[in-house]
Amino acid sequence: MPELPEVEVVCRGLIPHLVSRTIRSVQYSGLPLRHPFPVETAQAELTGKTVTSVSRRARYVLIQVESHILVCHLGMTGNLGIFDRNAAKRKHDHIFFELDNGIELRFHDPRRFGSIQLFCHTAAEQLEKTIFSSLGPEPFDSAFTAGYLQKLARGKKGAVKNFIMDNRVVTGIGNIYANETLFLAGIHPKKQVGTLTSPQWQRLHEAILTTLHWAISCGGSTISDFLNASGEGGYFQANFKIYGKEGKPCPLCGKTIEKMVIGGRSSFYCKTCQK
DNA sequence: CAAGTTACCTGACGGC
DNA sequence: TGCCGTCAGGTAACTT
C-alpha cells in the first residue's frame, strides 16, 4: 500500500494525536508479522511514557517514546490509525497502544507484511547500522540530484524502473510512483539505466520530486485500502496518468497504453511518449 | 557483484 | 454457491 507519499501522510496525521500523549497500555494479537513484535519489552518500557515525536525515514514511521523508538513499516496493507479505545476491534488489528485521553493507536495489517520494531533511542546508531544501513537518500534531501543518479547508474544494465524503485538508490518510490514518474519524464521503464542521458536524468529527477510532492498534497493514493491516520482515503489516484491504465489512450498522444512485467511488477507505459 | 526469482500473507475478482 | 487461478502499494533471502 504505502509508498513515500502515503507514509508521509500517515505520519503527518499521527503527529497531532500522538505527540505529548502518554501510553497507558500495549496489546498484541500475537500473530506473526514480518519481524517479531517484542510485546513484553514494549509493555515494560513504554507504559507510562510519553510520545516525544513522530517522523518518517524512507517508508518507516518512527514514533519516539522518550528513550525508545517504535519503527513501524506498513508493508503492503498496513495501517496506523487513531480510534476510540472502545471502538470494536476489527479482524487484522494486531497492535494496540492505548493513550491517556481515551484514544488508541492501532496497527492493522491483513497481509502482515508490515512490522513494528522497538529500539532503544540511546542506541540510535544501532538503528542506522541495522535497518537503515542500506538506505539511499530521501528524495527531498539535497544529496538526491540528477547527477547523483547518473553517477550511480554508470555501467549498470538493469531497467531504469527497477533502479528508481531500489531503496539503496533512493527511498520511497514504489510501483505506482515509478510508473508515474517515468511517464512524466518520457522515459521507457525498461530502458537500460546506464544509457540515460543527462537531460533524461534531469527530467526524471524533476518528475520524481513533482510527483511525490503532488501526491502528498493529495493525501496519497487510495486504490483499495490505503487510509490516513484518521481513516480517510487519499485522492491522488484520480491523477494517475499511466498506472493501471492498460488499454486506455495515452493522455499525451492518444495511443493505447501498454503493460509489461518488469522485475515481477506490472509496468504501464506509452511506447510513443516513453523512449 | 548485479540481476532475476521466490517467499512471506490475505482478500478481491473473474472464469467456470 | 463455490472452487480455482491471478493479482495487489514491499522487502529480503535466495539463485543464477
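Residues numbered from 1 in each chain as written. Chains lettered and ligands numbered in written order. Predicted model: local features only at pLDDT ≥ 70, side-chain atom pairs only at ≥ 80, totals over all residues. Heavy atoms only, no water.

Peer 1: Could you give an account of the packing of aromatic side chains, naming the residues involved and the relevant values?
Peer 2: Under the criterion given, the structure shown has ten aromatic pairs. Aromatic side chains Tyr28 and Phe37 sit 5.3 Å apart centroid to centroid with 70° between the ring planes, which places their arrangement in the edge-to-face category. Judged by centre distance (6.4 Å) and plane angle (85°), the ring pair of Phe37 and Phe97 falls under edge-to-face. Of this pair, Phe37 sits in the loop between β1 (23-28) and α2 (39-46) while Phe97 sits in strand β6 (residues 93-99), and the two are 60 residues apart along the sequence. Each member of the pair, Phe37 together with Phe97, is buried. One aromatic cluster is present, formed by Tyr177, Trp214, Phe236, Phe240, Tyr243 and Phe268 through successive ring pairs. Geometry around Phe132 places Arg57 over its ring, the cationic atom sitting 6.0 Å from the centre. (Phe/Tyr/Trp six-rings, centres within 6.5 Å; stacked < 30°, edge-to-face > 60°. Helix = DSSP H or I, 4+ residues; strand = E, 2+ residues; numbered from the N terminus. Buried < 20%, exposed > 50% of the residue type's maximum accessible area, 1.4 Å probe, protein only. Lys NZ or Arg CZ within 6 Å of the ring centre and 35° of its normal.)

Peer 1: So what about unusual backbone geometry? Which residues, and what values?
Peer 2: Of note, Ser20 is a non-glycine position whose phi angle comes to about 80°, a positive value. A positive phi is found at His92, a non-glycine position, where the angle reads about 75°.

Peer 1: Explain the pattern of salt bridges residue by residue, including any values.
Peer 2: By the definition in use, this model includes twelve salt bridges. Asp93 is the partner of Arg90 in a salt bridge, and the nearest nitrogen-oxygen pair spans 3.0 Å. According to the relative accessible area criterion, Arg90 is partly exposed, its value standing at 34%. Residue Arg106 pairs with Asp93 through a salt bridge whose shortest N-O separation is 3.9 Å. Of the two residues, Arg106 is situated in strand β7 (residues 103-108) and Asp93 in strand β6; the sequence distance between them amounts to 13 residues. Residue class for Arg106 comes out buried when judged on its relative accessible area of 1%. On the accessibility criterion, Asp93 (6% relative accessible area) is buried. Look at the salt bridges and you will find they share partners, linking Glu8, Arg12, Arg56, Arg57 and Glu138 into a network. (Salt bridge = Lys/Arg side-chain N within 4 Å of Asp/Glu carboxyl O.)

Peer 1: Break down helix α7 (residues 198-217) for me, citing the residues and quoting the values.
Peer 2: With 20 residues, α7 ought to run about 28 Å at 1.5 Å a step, and its terminal C-alpha atoms sit 29 Å apart, in line with that. Turning to α7, its buried residues are Gln200, Trp201, Leu204, His205, Ala207, Ile208, Thr211, Leu212, Ala215 and Ile216. Along the axis of α7, the buried residues cluster in a sector spanning 160°; they form a single face. Exposed side chains of α7 directed beyond 90 degrees from the buried face belong to Glu206 and Ser217. On its buried face, α7 is in contact with α1 (4-18), α4 (146-153), α5 (160-164) and α6 (175-185). (Expected span 1.5 Å × (residues − 1). Arc of directions from axis to C-beta. Contact = heavy atoms within 4.5 Å.)

Peer 1: Tell me about the protein's contact with DNA strand C, residues and numbers included.
Peer 2: In the vicinity of DNA strand C lie 22 residues, with Arg59, His73, Ser221, Ser224 and Ser266 positioned nearest. Protein-adjacent atoms of DNA strand C, using a 4 Å cutoff, are sugar or phosphate at a proportion of 54%. Interatomic distance of 2.3 Å between a side-chain N/O atom of Ser224 and a base oxygen of DNA strand C. The set of elements that each furnish at least two residues to the surface near DNA strand C consists of α6 and β10 (265-269). Classifying every residue of the surface near DNA strand C by side-chain character gives eight nonpolar, eight polar and six charged. (Near = heavy atom within 4 Å. Polar contact = N/O pair within 3.5 Å; in protein donor to acceptor, adjacent residues only side chain to side chain. Nonpolar A, V, L, I, M, F, W, Y, C, P; charged D, E, K, R; others polar.)

Peer 1: An account of the protein's contact with DNA strand B is needed here, citing residue identities and associated values.
Peer 2: Close to DNA strand B lie Arg34, Lys91, His92, Pro110, Arg111, Arg112, Phe113, Lys156, Lys157 and Gly158, which account for all nearby residues. Within 4 Å of the protein, the contacting atoms of DNA strand B are drawn from sugar and phosphate to the extent of 56%. Between DNA strand B and His92, the relevant distance is 2.6 Å, taken from a phosphate oxygen to a side-chain nitrogen or oxygen of the residue. Here the surface near DNA strand B is composed, by residue class, of two nonpolar, two polar and six charged.

Peer 1: I'd love a proper account of the pairing of strand β4 (residues 68-73), names of residues and values included.
Peer 2: Counting buried positions over the six residues of β4 gives five, a clear majority of the element. Pairing geometry for strand β3 (residues 60-65) and β4, over six bridges, is antiparallel. Residue Val65 lies in a different strand from β4, and its bridge partner there is His68. Between β3 and β4, which pair antiparallel and follow one another directly, the connecting turn spans two residues, one of which, Glu66, has a positive phi of 50°. Pairing geometry for β4 and strand β8 (residues 115-120), over six bridges, is antiparallel. Pairing of His73 across the sheet is with Ser115, part of β8. (Pairing = 2+ DSSP bridges.)

This is a description of form; function is not addressed.
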